[in-house]
Amino acid sequence: MTEQLKPMPEDWRRALAVVAHPDDLEYGCAAAVAGWTDAGREVAYLLATRGEAGIDTLDPETSGPLREREQRASAAAVGVSHVEFLDHRDGVIEYGIPLRRDIAAAIRRHRPELVITLNHRDTWGGVAWNTPDHRAVGRATLDAAADAGNRWIFPELKERGLQPWDGVRWVAVAGSSAPTHAVDATAGLERSVQSLLAHRTYIEVLTDEDPETYCRTFLTGNAEAAADRFGGRPAVPFELFAR
Ligand SMILES: [Zn+2]
């Protein structure tokens, strides 16, 4: 029998999702977010960039504000009203102290028990190479979950009124090639399609298919691919790191 994914922990109230680009959460785990906000949990989004280098036919000055608007609409479709942008440069995000500090500051502001990010590993599994931005933000997020709780690592944050927050209990990585846990995607699946579809400009450039068909096929296929490891239920898998 295929090894089963465990259900994600449910004893938490606030989550902060930290990713590199507009659309990272929508390709990865918006169905899980919809289920969580339905249950009355607070979920906020933090994006390292505005995704301004993501559309070949649009220059960054045009693309950045447009993708920010699409990201806010996309978050609203799954019950998320709080979306922040860090303004690192799309495509060349550097793993390092400034990125860790920015994420730790957001964790101190939001005080989440659960932090979500996207695949920090080199590949998506097999030969599909991951992007440098995803690796940098994923790794910095895993690190910042601990940084946020240590008063001595970024003392300048305390000077800005941000008290240490040592309450992050888990970091859940979406899109990992080594998932351990999952969330039932059934209830949130349709809204996750609408959420991905909100990135309309990006998707219209990406595919010749009808955008709605493209989004539904992609997300349903992914959720069903995880079902044989989650009791036959369509699922959003996560690799869960506990603190
Ligand atoms: Zn991305």
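Peer 1: Which residues make up the overall build of the protein chain, and what are the values?
Peer 2: Tallying secondary structure elements over the protein chain gives 9 helices and 8 strands in all. A compact globule built from 243 residues should have a C-alpha radius of gyration of about 18 Å, and the protein chain, at 17 Å, falls within 12% of that. If you line up the protein chain on its principal axes, its C-alpha atoms span 50 × 45 × 35 Å. Of all 243 residues assigned to the protein chain, the portion counted as buried reaches 53%. Pairs at least 24 residues apart make up 80% of the contacts formed inside the protein chain by residues separated by at least 6 positions. About 11000 Å² of surface is accessible on the protein chain, with carbon and sulfur atoms providing 51% of the total. In the protein chain, 27 side chains carry a positive charge and 37 a negative one; their mean positions are 9 Å apart.

Peer 1: Lay out the packing of aromatic side chains in plain terms, naming residues and giving numbers.
Peer 2: Aromatic ring pairs: the centre-centre distance and the angle between the two ring planes describe each pair. Following the criterion strictly, the structure yields 4 aromatic pairs and no others. For the ring pair Trp12 and Trp36, a centre distance of 5.2 Å and an interplane angle of 80 degrees mean the geometry is edge-to-face. With Trp12 in the loop between strand 1 (6–7) and strand 2 (14–19) and Trp36 in helix 2 (residues 30–38), this residue pair connects regions lying 24 residues apart in the sequence. The exposure classification of Trp12 matches that of Trp36, with both residues buried. Each ring, one from Tyr214 and one from Phe218, has its centre 6.5 Å from the other, and the planes form 25 degrees; the classification is stacked. You can see Tyr214 and its partner Phe218 sitting in helix 9 (residues 211–225), 4 residues apart, about one turn around the helix. You can call Phe218 partly exposed: its relative accessible area is 31%. By way of ring pairs, the aromatic residues Trp12, Trp36 and Phe238 are connected into one cluster.

Peer 1: Let's hear about the environment of Tyr95: which residues, and what values?
Peer 2: Position of Tyr95 among the secondary structure elements: in the loop between strand 4 (82–85) and helix 4 (97–110). For Tyr95, a relative accessible area of 40% gives the class partly exposed. Once the C-alpha coordinates of Tyr95 and Arg169 are considered, the two residues, 74 residues apart in sequence, prove to be 23 Å apart. Non-local contacts of Tyr95, meaning those with residues more than four positions away in its chain, are made with Arg100, Ala136, Arg139, Ala140 and Asp143. In this structure the side chain of Tyr95 is engaged in a polar contact, spanning 2.4 Å, whose partner is the side chain of Asp143.

Peer 1: Please set out the pairing of strand 5 (residues 114–118) residue by residue, giving values where relevant.
Peer 2: Put simply, side chains in a regular strand alternate between the two faces of the sheet. Where burial is concerned, most of strand 5 is hidden: 5 out of the 5 residues are buried. Both faces of strand 5 are covered, namely the face carrying Leu114, Ile116 and Leu118 and the face carrying Val115 and Thr117. By the bridge criterion, 4 bridges tie strand 2 to strand 5 in an arrangement that is parallel. When the bridges of strand 5 are listed, Ala15 appears paired with Leu114.

Peer 1: So what's going on with the pattern of salt bridges? Residues and values would help.
Peer 2: Evaluation of the coordinates by the stated rule reveals 16 salt bridges. Residue Glu156 is joined to Arg101 by a salt bridge in which the shortest nitrogen-to-oxygen separation is 2.6 Å. Here Glu156, found in helix 6 (residues 155–159), pairs with Arg101, found in helix 4; they are 55 residues apart in sequence, far enough to count as distant. Here Glu156 falls in the partly exposed class, since its relative accessible area comes to 26%. Of the residues examined, Arg101 reaches a relative accessible area of 24% and is grouped as partly exposed. Residues joined in a network through salt bridges with shared partners are Arg50, Glu68, Arg72 and Asp87.

Peer 1: If you had to explain the pairing of strand 2 to someone new, which residues and values would you point to?
Peer 2: Counting buried positions over the 6 residues of strand 2 gives 6, a clear majority of the element. With 6 bridges connecting them, strand 2 and strand 3 (residues 42–47) associate as parallel partners. Across the sheet, the residue bridging to Val19 is Leu47, located in strand 3.

Peer 1: I'd like a description of the sheet that holds strand 1, backed by residues and values.
Peer 2: In spatial order, the strands read 1-7-8-6-5-2-3-4; together these 8 strands make up an open sheet with mixed pairing. At either margin of the open sheet sits one strand with a lone partner, and together these are strand 1 and strand 4. Where strand 6 (residues 170–174) lies against strand 8 (residues 235–242), 5 bridges are found, and the strand directions are antiparallel. Bridging across to strand 8, Ala172 finds its partner in Leu240. Across the face of the sheet, helix 4 comes into contact with strand 2, strand 3, strand 4 and strand 5 while running at roughly 160 degrees to strand 2. Set on the sheet, helix 5 (residues 132–147) makes contact with strand 2, strand 5, strand 6 and strand 8; between it and strand 5 the angle comes to about 165 degrees.

The rules behind each value
- Residues numbered from 1 in each chain as written.
- Predicted model: local features only at pLDDT ≥ 70, side-chain atom pairs only at ≥ 80, totals over all residues.
- Heavy atoms only, no water.
- Helix = DSSP H or I, 4+ residues; strand = E, 2+ residues; numbered from the N terminus.
- Rg over C-alpha atoms; globule rule 2.2 N^0.38 Å.
- Buried < 20%, exposed > 50% of the residue type's maximum accessible area, 1.4 Å probe, protein only.
- Contact = heavy atoms within 4.5 Å.
- Areas by Shrake-Rupley, 256 points an atom, 1.4 Å probe, with all protein chains shown as cover.
- Lys, Arg positive; Asp, Glu negative; His and termini not counted.
- Charge placed at Lys NZ, Arg CZ, Asp CG, Glu CD.
- Phe/Tyr/Trp six-rings, centres within 6.5 Å; stacked < 30°, edge-to-face > 60°.
- Polar contact = N/O pair within 3.5 Å; in protein donor to acceptor, adjacent residues only side chain to side chain.
- Pairing = 2+ DSSP bridges.
- Salt bridge = Lys/Arg side-chain N within 4 Å of Asp/Glu carboxyl O.
- Axes fitted to C-alpha atoms, helices over the stretch in contact; angles between N-to-C directions.

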